[in-house]
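If you want the building blocks of each chain, they are given just below.
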Amino acid sequence: MGDRNRRKRRHRTAPGEFGPSTQGPHYDIGTAIAERLWTTLRLVGASMVFALGLAIITGVISALRQYSKLDYTLTFVGFLALALPTFWFAGIMQAAGVKFNQLVGDQVFATIGDGRFRAEGAPLWDQFLNAFAHMALPTIVLMLISFASWSRYQRTSMLEVMNSDYVRLARAKGLRNHTVIRRHALRTALIPLTTVVAIGVAGVIDGAILTEVVFQWRGLGDFFITAVDNNDSFALMGWLLLSGTIVILANLVADLLYAVLDPRIRYE
Amino acid sequence: MSENGMSKSARRDPAKKRKRSSADQTQLQTILIRFTRHRPAMISLVLLAVIALFAFVGPFLWAWDHTVYKEIPSNQPPSGAHPLGTSAAGHDVLGQLMRGAQQTLKVAFTVSLLSTAVGSVWGATAGYYGGRVDAFMMRVVDIFLIVPLLVAAAAIAGNSGAGTSWSAIALIISIFSWATIARVVRGVVLSLREQEFVEAARASGASAPWIILRHLLPNAAGPIIVAATLLVAVAILAEAGMSFLGLGIQLPDISLGQMIGSARTAVSTRPWLFYPPGVLLVLICLTINFIGDGLRDALDPRQTRVRR
């Protein structure tokens, strides 16, 4: 049987050898991925944190002021953001960034490149400024896409919880409004969002690719495009393996978070 | 969502049909009235119809189609002869826009139909049988769910070289989007299968396929319709993303994403190339999302508040 052969191959994948690339013998897929991983992870992480924070805040506000003007406005903004094609919005933000730079007469936003190597060895503050200038616009773009659907979920689940008996009980006990919302309602209302966010990681990775292309970053998005253009199947497999792992890890974290958020769930 | 399915099935239960007819509205009428009162959804429906007319009838009425003509001067800003300007190669942008919208809509609705057909049968089968069958079928669904849609579709389209015709693109996107529908339908069916009418059907000797197709799926129609509508928007954005990357619909054919992709470097110099396809994409997605929202409100039996 070819069993032994297969085992050999699996053994070689483990330490990071993804197979021969069509982009020449010097192109090692493992090193290429490792080199670019941080660039992309930085963008994905930052935009997810901001999107999550903003989604929870606006979702809760929308739910507490249901059917108010503010709620309608936030809902419409959410719908609009949901309908925006990432790459189109990225193009607009890029053009706006260029306009802004011209207006101020200074390079506030870097609209091209990830700027990883520009500030190497510079003082820490300069490195931070450099990273901020390069990351600000792509992060906003990527953030808005996931923010839209997450804030909708947060609003729905918050509404459901606010109408539940235990929130009424908490109020009846005479707890302060603030305590009821934060400790009783919000904590439970975060559970559905955890699931949605974990699944949404796949969507954020999609968006990251498009954003990286527009802003010409040399991250995993660029790696993916080059691999497709070169018909580099092994590189694509390595890429998919990585993104699959990230999504599964996110789902694992979500499962563990359930137990933290919901006192009824316990993993023995 | 499960309670939603339950109460609807109770209403549609043939045994209770006689009782219901005494009311002055049938269920369908109630749904229709609710939907027509949902103002954003109705406006969106009209707008979407206009866009569809523009995309499918427009090319017959407008002088230029989406291909290159020697007579068209290149890089002209909007003018009387070319209301949306012309491209560098000598395309009429309005003609391109019509064709692009047409391809986009064709891909999106095909994806929605295909994925819904496959996904709902898959999900209903898993939910109905339960146990090991369910576990296996849902693991397959999970595999499709963890792969980023755009990435997987683009990789296949790029690697197989199939990324040229709209039907191939639609098929590829469908492969990676039916799983969401399967998940929704399974959830609904899990609660439906415990109901008396399913037991009654089983007792009267109905086969499993019959129960799934004639009893379970019709009763899960509400959530399925909503999910299918929202999938249209997802498919549009996926197709646009693929075409933007150059891995979707290829020249000489055109799609909205591809138009944006080729105008990427001309945002401030030739804005007439960049903004119209984007605005049209946003409009289509926006209207579809609002229609989905309206359908969800109309089909949800728990919803009692009449929307103004």
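Just so you know, these numbers come straight off a predicted model, no measurement behind them. Position numbers for residues count from 1 along each chain, tracking the sequence in the order it is written. All chains are assigned letters beginning at A, and all ligands numbers beginning at 1, according to the order in which they are written. Predicted model: local features are reported for residues with pLDDT of at least 70 only, side-chain atom pairs are reported and counted for 80 or more only, and whole-chain, interface and lining totals are derived from all residues. As a rule here, side-chain values come from all non-hydrogen atoms in the structure, and water together with hydrogens is ignored.

**A closer look at the overall build of chain A**
Thought 1: Only DSSP runs of H or I with at least four residues qualify as helices, and only runs of E with at least two residues qualify as strands; both kinds are numbered from the N terminus onward. The helix and strand tally for chain A stands at nine helices and zero strands.
Thought 2: Shown N-terminal to C-terminal, the secondary structure of chain A runs as helices and strands in the order α-α-α-α-α-α-α-α-α.
Thought 3: Residue burial in chain A is summarised as follows: out of 268 residues, 46% are buried.
Thought 4: Of the roughly 14800 Å² that chain A leaves accessible, carbon and sulfur atoms contribute 63%. Only protein chains enter the accessibility calculation, which uses a 1.4 Å probe; a residue whose area is less than 20% of its type maximum is buried, one above 50% is exposed, and one in between is partly exposed. For the area figures, the Shrake-Rupley method with a 1.4 Å probe applies, and any residue is considered shielded solely by the protein chains shown.

**Describing the overall build of chain B**
Thought 1: A tally of helices and strands in chain B yields 15 helices and zero strands.
Thought 2: A buried classification covers 51% of the 308 residues belonging to chain B.
Thought 3: Considering only residue pairs separated by 6 or more positions, chain B has 72% of its internal contacts joining residues 24 or more positions apart.
Thought 4: Carbon and sulfur atoms form 65% of the exposed surface of chain B, whose accessible area is close to 13900 Å². Contacts between residues were defined by any pair of non-hydrogen atoms, one from each residue, lying within 4.5 Å.

**So, the nonpolar core**
Thought 1: As used in this record, nonpolar core signifies buried Ala, Val, Leu, Ile, Met, Phe, Trp, Tyr and Cys residues forming a set joined through side-chain atoms within 4.5 Å. Within the largest apolar cluster, 131 residues are counted, with the highest numbers of intra-cluster contacts made by A:Phe87, A:Trp150, A:Met158, A:Phe224, B:Ile173 and B:Ile284.
Thought 2: With 20 residues, helix 7 (residues 177-215) of chain A is the largest single contributor of residues to this core.
Thought 3: Discounting chain neighbours no more than four positions away, the residues touching A:Trp150 are A:Met48, A:Ala51, A:Leu52, A:Ala55, A:Leu193, A:Val196, A:Val197 and A:Val204.

**Here's the deal with the interface of chain A and chain B**
Thought 1: Taken together, the contacts link 33 residues of chain A with 34 residues of chain B.
Thought 2: Two parts placed together each lose some accessible area under a 1.4 Å probe, and adding up what both lose gives the buried area. Note on chain A versus chain B: buried area summed over both sides is about 3100 Å², and carbon and sulfur give 76% of it.
Thought 3: On the chain A side of the contact with chain B, A:Phe79, A:Phe87 and A:Trp88 bury the most area, a combined 22% of that side's loss.
Thought 4: A carboxyl oxygen of Asp or Glu within 4 Å of a side-chain nitrogen of Lys or Arg is what we treat as a salt bridge. The interface formed by chain A and chain B contains zero salt bridges.

**A few points about the confidence of the model for chain B**
Residue and element names in this part refer to chain B.
Thought 1: A residue's pLDDT is the confidence the predictor assigns to it, expressed on a 0 to 100 scale. Considering every residue of chain B, the mean pLDDT works out to 79; 87% of them sit at 70 or more.
Thought 2: Confidence over residues 1-11 falls short of pLDDT 50; this stretch has 29 contacts with residues more than four positions distant or in other chains.
Thought 3: The low-confidence segment residues 304-308, where pLDDT is below 50, has seven contacts with residues more than four positions distant or belonging to other chains.
Thought 4: Under the prediction, the complex receives an ipTM of 0.78, its pTM being 0.80.

**Here we look at the side chain of B:Gln258**
Residue and element names in this part refer to chain B.
Thought 1: Its place among the elements puts Gln258 in helix 14 (residues 256-262).
Thought 2: Judged by its relative accessible area of 11%, Gln258 is buried.
Thought 3: Setting aside chain neighbours within four positions, we find Gln258 in contact with Ser243, Phe244, Ile249, Gln250, Leu251 and Asp253.

**Focus: helix 15 (residues 271-299) of chain B**
Thought 1: Its 29 residues give helix 15 of chain B an end-to-end C-alpha distance of 42 Å, which sits within 8% of 42 Å, the value for a rise of 1.5 Å per residue.
Thought 2: Most of helix 15 of chain B sits out of view: 24 of its 29 residues are buried. Expected helix span is taken as 1.5 Å per residue step, with the number of steps being one fewer than the number of residues.

**Section: the packing of helix 6 (residues 93-129) of chain B against helix 9 (residues 166-175) of chain B**
Residues and elements named next belong to chain B.
Thought 1: Two numbers describe how helix 6 lies on helix 9: the axes approach to 9 Å, and their chain directions differ by 40 degrees. Taken together, the axes of helix 6 and helix 9 lie oblique to each other. Here helix 6 runs over helix 9; the crossing is right-handed. Residues Gln103, Lys106, Val107, Thr110, Val111, Leu114 and Ser115 of helix 6 form the contact with helix 9, whose own contacting residues are Trp166, Ile169, Ala170, Leu171, Ile173 and Ser174. Here, axes are lines fitted to C-alpha atoms. For helices the fit covers the stretch in contact, and angles between N-to-C directions go from 0 to 180 degrees. Here the angle decides the label: under 35 degrees means roughly parallel, over 145 means roughly antiparallel, 65 to 115 means roughly perpendicular, and every other value means oblique. By convention, the crossing between two helices is left-handed when the near helix turns anticlockwise from the far helix through less than a right angle, and right-handed when the turn is clockwise.

**Details of helix 3 (residues 69-83) of chain A**
Thought 1: The end-to-end C-alpha distance of helix 3 of chain A, which contains 15 residues, comes to 21 Å, matching closely the 21 Å that a straight helix rising 1.5 Å per residue would cover.
Thought 2: Among all positions of helix 3 of chain A, only A:Asp71, A:Thr75, A:Gly78, A:Phe79, A:Ala81 and A:Ala83 are buried.
Thought 3: Elements that come into contact with the buried residues of helix 3 of chain A comprise helix 2 (29-64) and helix 5 (124-162) of chain A together with helix 13 (221-244) and helix 15 of chain B.

**Describing a nonpolar patch on the surface**
Residues and elements named next belong to chain B.
Thought 1: Taken together, the side chains of Leu53, Phe56, Val57, Phe60 and Leu61 present a nonpolar region at the surface, about 560 Å² in accessible area.
Thought 2: Elements with a minimum of two residues in the nonpolar patch: helix 4 (39-56) and helix 5 (58-61).
Thought 3: Among the secondary structure elements, Val57 is positioned in the loop between helix 4 and helix 5.
Thought 4: Note on Val57: relative accessible area 36%, which makes it partly exposed. Residues enter patches when they are more than 30% accessible in relative terms and free of salt bridges; like-charged ones are connected within 9 Å and nonpolar ones (Val, Leu, Ile, Met, Phe, Trp, Tyr) within 5 Å.

**Focus on the UniProt feature "transmembrane region" (unreviewed entry) in chain B**
Thought 1: UniProt positions are given in the numbering used here, feature names are shortened, and annotations may be inferred rather than shown by experiment. UniProt tags residues 41-64, 107-129, 136-158, 164-185, 224-252 and 272-292 of chain B as "transmembrane region" (unreviewed entry).
Thought 2: Across residues 41-64 of chain B, the secondary structure splits into 83% helix and 0% strand, with the terminal C-alpha atoms separated by 33 Å.

**Quick look at a positive patch on the surface**
Thought 1: On the surface, a cluster of positive charge is contributed by A:Arg176, A:Arg182, A:Arg183 and A:Arg187.
Thought 2: Tracing the chain through its elements places A:Arg182 in helix 7. The sign given to each residue is positive for Lys and Arg and negative for Asp and Glu; His and the chain ends receive no count. Each charge is placed at NZ for Lys, CZ for Arg, CG for Asp and CD for Glu.

**Side note on unusual backbone geometry**
Thought 1: Positioned with a positive phi, A:Tyr67 is a non-glycine residue whose angle comes to about 65 degrees.
Thought 2: Examined against the element boundaries, A:Tyr67 turns out to sit in the loop between helix 2 and helix 3.

**Considering the packing of helix 6 of chain B against helix 13 of chain B**
Residue and element names in this part refer to chain B.
Thought 1: For the pair helix 6 and helix 13, the least separation of the axes is 8 Å and the interaxial angle reads 135 degrees. On the basis of their axis angle, the class for helix 6 and helix 13 is oblique. Both helix 6 and helix 13 take part in a crossing whose hand is right-handed. Across from Thr104, Val107, Ala108, Phe109, Val111, Ser112, Ser115, Thr116 and Ser120 in helix 6, the residues of helix 13 making contact are Ile224, Ala228, Leu231, Val232, Ala235, Ile236 and Glu239.
Thought 2: Residues are sorted three ways: Asp, Glu, Lys and Arg are charged, Ala, Val, Leu, Ile, Met, Phe, Trp, Tyr, Cys and Pro are nonpolar, and all the rest, Gly among them, are polar. The residue inventory of the contact of helix 6 with helix 13, partitioned by class, reads 10 nonpolar, five polar and one charged.

**So, the pattern of salt bridges**
Thought 1: Applying the stated criterion to the full structure yields nine salt bridges over all chains.
Thought 2: Residue B:Asp253 is joined to B:Arg99 by a salt bridge in which the shortest nitrogen-to-oxygen separation is 3.0 Å. Remark: B:Arg99 occurs in helix 6 and B:Asp253 occurs in the loop between helix 13 and helix 14; sequence separation between them is 154 residues.
Thought 3: For B:Arg139, the salt bridge goes to B:Asp142, with nearest N and O atoms at 3.1 Å. Taken together, the positions of B:Arg139 and B:Asp142, both in helix 7 (residues 131-146) and three residues apart, correspond to about one turn of that helix.
Thought 4: Classification of B:Arg139 by relative accessible area gives partly exposed; the value is 47%.
Thought 5: One network of salt bridges, in which partners are shared, links A:Arg36, A:Arg218 and A:Asp222.

**Remarks on the side chain of B:Thr229**
All names here are of chain B.
Thought 1: By the element assignment, Thr229 lies in helix 13.
Thought 2: Residue Thr229 is classed as buried on the basis of its relative accessible area, which comes to 14%.
Thought 3: Under the rule applied, a polar contact is a pair of N or O atoms within 3.5 Å (in protein, one hydrogen donor and one hydrogen acceptor; residues adjacent in sequence only if both atoms are side-chain atoms). A polar side-chain atom of Thr229 sits 2.6 Å from the main-chain carbonyl oxygen of Ile225.
Thought 4: In contact with Thr229, other than residues within four places in its own chain, are Ile288, Ile291, Gly292 and Leu295.

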